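One letter stands for each residue in the lines below.
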Amino acid sequence: QEELVESGGGLVQAGDSLRLTCTASRNAFSVLPMGWFRQTPGKNRELLGAVRGHTTYIADSVKGRFTVSRNYGTTTIYLQMNELTPEDTAEYFCTAGGWVDTGIWTYWGQGIQVTVSS
């Protein structure tokens, strides 16, 4: 059983919006920070956003277009992506158990593909 399961990816057109959902398998994740990364071939994973308690982090590279959200104390995190461009094409990963300052995350989902056509 996967600890973190992503959903909501797929093929969209430039300018479209998409919302990714990640749900953790155990209630223990409700107290862990959760976040979203993405990765394209040949590049490092890029942290997009994360939520820890009442604190939310969003990367400058996607600020204004992407929003990360999570109801406090739950095991689900969302990534709302607006005004998508082909450069947003990547595999998107849910993560948990880390934070922005350390860059170390314990749990990872399998990843979900997002493809944005021009």
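See the structure above.
Now for a description of the structure that goes with this document. (Residues numbered from 1 in each chain as written. Predicted model: local features only at pLDDT ≥ 70, side-chain atom pairs only at ≥ 80, totals over all residues. Heavy atoms only, no water.)

Topic: the pattern of salt bridges
So, step 1. Taken as a whole, this structure holds 5 salt bridges when the rule is applied.
So, step 2. In this structure, Arg38 and Asp88 form a salt bridge, with 2.9 Å as the shortest nitrogen-oxygen distance. You can see Arg38 sitting in strand β4 (residues 34-39) and its partner Asp88 sitting in the loop between β8 (76-81) and β9 (90-96), a full 50 residues away along the chain.
So, step 3. Using a relative accessible area of 10% as the deciding quantity, one classes Arg38 as buried. (Salt bridge = Lys/Arg side-chain N within 4 Å of Asp/Glu carboxyl O. Helix = DSSP H or I, 4+ residues; strand = E, 2+ residues; numbered from the N terminus. Buried < 20%, exposed > 50% of the residue type's maximum accessible area, 1.4 Å probe, protein only.)

Digging into the nonpolar core
So, step 1. The biggest cluster of nonpolar side chains holds 27 residues, and the ones touching the most others in it are Leu20, Phe66, Leu79, Met81 and Tyr92.
So, step 2. Only β3 (18-24), β4, β5 (46-52), β7 (66-69), β8, β9 and β11 (112-117) provide two or more residues apiece to this core.
So, step 3. When near neighbours in sequence (up to four residues on either side) are disregarded, Leu20 contacts Ser7, Gly8, Gly9, Trp36, Ile77, Tyr78, Leu79, Met81, Tyr92, Ile112 and Val114.
So, step 4. If you look at the next biggest cluster of nonpolar residues, it comprises 6 residues, including Phe37, Leu47, Phe93 and Trp105. (Core = buried A, V, L, I, M, F, W, Y, C linked by side-chain atoms within 4.5 Å. Contact = heavy atoms within 4.5 Å.)

Some thoughts on the environment of Asn27
So, step 1. The residue Asn27 is located in the loop between β3 and β4 in this model.
So, step 2. For Asn27, a relative accessible area of 66% puts it in the exposed group.
So, step 3. Between the C-alpha atoms of Asn27 and Thr56, which are 29 residues apart in sequence, the distance is 20 Å.

Observations concerning the side chain of Thr21
So, step 1. With respect to the helices and strands, the residue Thr21 is situated in strand β3.
So, step 2. Exposure remark for Thr21: the relative accessible area of 17% places this residue in the buried category.
So, step 3. Every residue in contact with Thr21, bar those within four places of it in the chain, is listed here: Val5, Glu6, Ser7, Trp36, Thr76, Ile77 and Tyr78.

Regarding the pairing of β5
So, step 1. The buried fraction of β5 is high, at 5 of 7 residues.
So, step 2. One ladder, built from 5 bridges, connects β4 with β5; its direction is antiparallel. Opposite Trp36, over in β5, you have Gly49 as the bridge partner.
So, step 3. Count of turn residues in the β4/β5 antiparallel hairpin: 6 residues, of which Gly42 carries a positive phi of about 85°. (Pairing = 2+ DSSP bridges.)

Section: the packing of aromatic side chains
So, step 1. Under the defined criterion, the tally for this structure stands at 4 aromatic pairs.
So, step 2. Residues Phe37 and Trp105 carry aromatic rings whose centres are separated by 6.2 Å and whose planes lie at 85° to one another, so their mutual orientation is edge-to-face. Of this pair, Phe37 sits in strand β4 while Trp105 sits in the loop between β9 and β10 (107-108), and the two are 68 residues apart along the sequence. Side by side, Phe37 and Trp105 carry an identical accessibility label, which is buried.
So, step 3. With a centroid separation of 6.4 Å and an interplanar angle of 80°, the aromatic rings of Phe93 and Trp108 are classed as edge-to-face. On the criterion of sequence distance, the pair formed by Phe93 in strand β9 and Trp108 in strand β10 is long-range, its members being 15 residues apart.
So, step 4. The buried category is assigned to Phe93, whose relative accessible area is 6%. (Phe/Tyr/Trp six-rings, centres within 6.5 Å; stacked < 30°, edge-to-face > 60°.)

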